[in-house]
Amino acid sequence: MYVRTLTGGLAAALVLSVSLTGGQAVAAPPAGEDAPLAARVLVYDASGSAEFKSAVDRGAAIWNESVDAVELRPAAAGQRANIRVLADNGWPRALPTTLGNGTVYIGRQAVDQGYDTIRISAHELGHILGLPDRKPGPCSSLMSGSTAGTACRNPYPNAAEKTEVEGNFGGGLAGRAPAVRTEVIVD
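Residue numbering note: each chain is counted from 1, following its sequence as written. For a predicted model such as this one, the threshold for reporting local features is a pLDDT of at least 70, and the threshold for listing and counting side-chain atom pairs is 80 or more; totals across whole chains, interfaces and linings nevertheless cover every residue. Side-chain numbers here rest on the full set of heavy atoms in the structure, without hydrogens or water.

*Asks:* Describe the side chain of Glu161, with residues and values.
*Replies:* Residue placement: Glu161 occurs in helix 5 (residues 159–169). For every residue, the accessible area (1.4 Å probe, protein chains only) is compared with the maximum for its type, and the residue is labelled buried under 20%, exposed over 50%, or partly exposed between those bounds. Only four residue types enter the charge count: Lys and Arg as positive, Asp and Glu as negative, with His and the chain ends excluded. One side-chain nitrogen of Lys or Arg within 4 Å of one carboxyl oxygen of Asp or Glu is enough to make a salt bridge. Buried charged residue Glu161 carries no salt bridge. Nearest counter-charge: Arg134, at 4.6 Å. Side chain to side chain, Glu161 and Ser141 meet in a polar contact 2.9 Å long. Among all residues touching Glu161, those that are not within four sequence positions of it are Leu131, Arg134, Ser141, Leu142, Met143 and Tyr156. Elements are defined by DSSP. Helices are runs of H or I of four residues or more, strands are runs of E of two residues or more, and each kind is numbered from the N terminus. Under this definition, polar contacts are N or O atom pairs within 3.5 Å; protein pairs additionally need one hydrogen-donor-capable and one acceptor-capable atom, and for neighbouring residues in sequence, both atoms have to be side-chain atoms. Residue contacts are counted whenever heavy atoms from the two residues lie within 4.5 Å of one another.

*Asks:* Quick one: what's the story with the nonpolar core, residue by residue and with numbers?
*Replies:* We call a set of buried residues a nonpolar core when its members are Ala, Val, Leu, Ile, Met, Phe, Trp, Tyr or Cys and they connect through side-chain atoms within 4.5 Å of each other. Judged by nonpolar contacts, the single largest core of 31 residues is most densely connected at Trp63, Leu72, Ile83, Val104, Leu129, Val165 and Phe169. A per-element tally of this core places helix 4 (residues 117–128) first, with four residues. Non-local contacts of Leu129, meaning those with residues more than four positions away in its chain, are made with Leu42, Trp63, Val70, Leu72, Leu99, Val165, Asn168 and Phe169.

*Asks:* Can you lay out the state of the cysteines for me, pointing to particular residues and giving the numbers?
*Replies:* Note that a disulfide, as used here, is simply two cysteine sulfur atoms within 2.5 Å. Scanning the model with the defined rule gives one disulfide in all. Residue Cys139 pairs covalently with Cys152 via a disulfide, S to S 2.1 Å. On the sign convention where negative means left-handed, the S-S torsion of about 80° between Cys139 and Cys152 marks this disulfide as right-handed. In this pair, Cys139 sits in the loop between helix 4 and helix 5 while Cys152 sits in the loop between helix 4 and helix 5, placing the two residues 13 residues apart along the sequence. Looking at Cys139, the relative accessible area reads 30%, which means it is partly exposed.

*Asks:* Outline the packing of aromatic side chains, listing residues and values.
*Replies:* Between 30 and 60 degrees the pair is tilted, below 30 it is stacked and above 60 it is edge-to-face, where a pair is any two Phe, Tyr or Trp rings, Trp via its six-membered ring, whose centres lie within 6.5 Å. For the structure on display, the rule yields one aromatic pair. Ring centres of Trp91 and Tyr115 lie 5.7 Å apart, and the angle between their planes is 80°; on these two criteria the pair is classed as edge-to-face. Taken together, the positions of Trp91 in the loop between strand 3 (83–88) and strand 4 (93–98) and Tyr115 in the loop between helix 3 (108–112) and helix 4 put the pair 24 residues apart, joining distant regions of the chain. What makes Trp91 buried here is its relative accessible area of 18%. When its relative accessible area of 18% is taken as the criterion, Tyr115 is described as buried. The criterion for a charge sitting over a ring is simple: Lys NZ or Arg CZ within 6 Å of the ring centre, and within 35 degrees of the ring normal. Here the guanidinium or amino end of Arg93 rests over the ring plane of Tyr105, the centre of that ring lying 4.2 Å away.

So this is what it looks like as structure tokens:
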């Protein structure tokens, strides 16, 4: 009895749907082929990054080339930024506050030791995008940071890192507030 009532109700809904569309059947999009979500735009302010500004811009561009769910854009004059990038004499580090927000420090100490400024920039931005350090690690892993050594110049995230960022900013988190993070990530 329940099955007959259920199928009768579905048939009635179908007839009503067809009549509302002017007698034309309208196909639903196939599962998994929904319209892509727009990238979440994060604004970064590199005005305090001193001599590392071009490296920061290149690090942001690498993330833009690597993932679709988030886009990093430089701040226009007077625009509020999600991410502040500063230069200092310490070791590079990131202070994420919430997913996609925080402060990055491009520390001269690592640069003076021979680490690549673009890799440092992309790595620290990776923390703001929700990625943890993966130490020790190979040069092929952006988030291996300094453990890859000074000879490593790879500023690109690997497939797993890209997938994690896509998941962090993809449809799964739409409408949800990210967890607050208060720890400083020192690389």
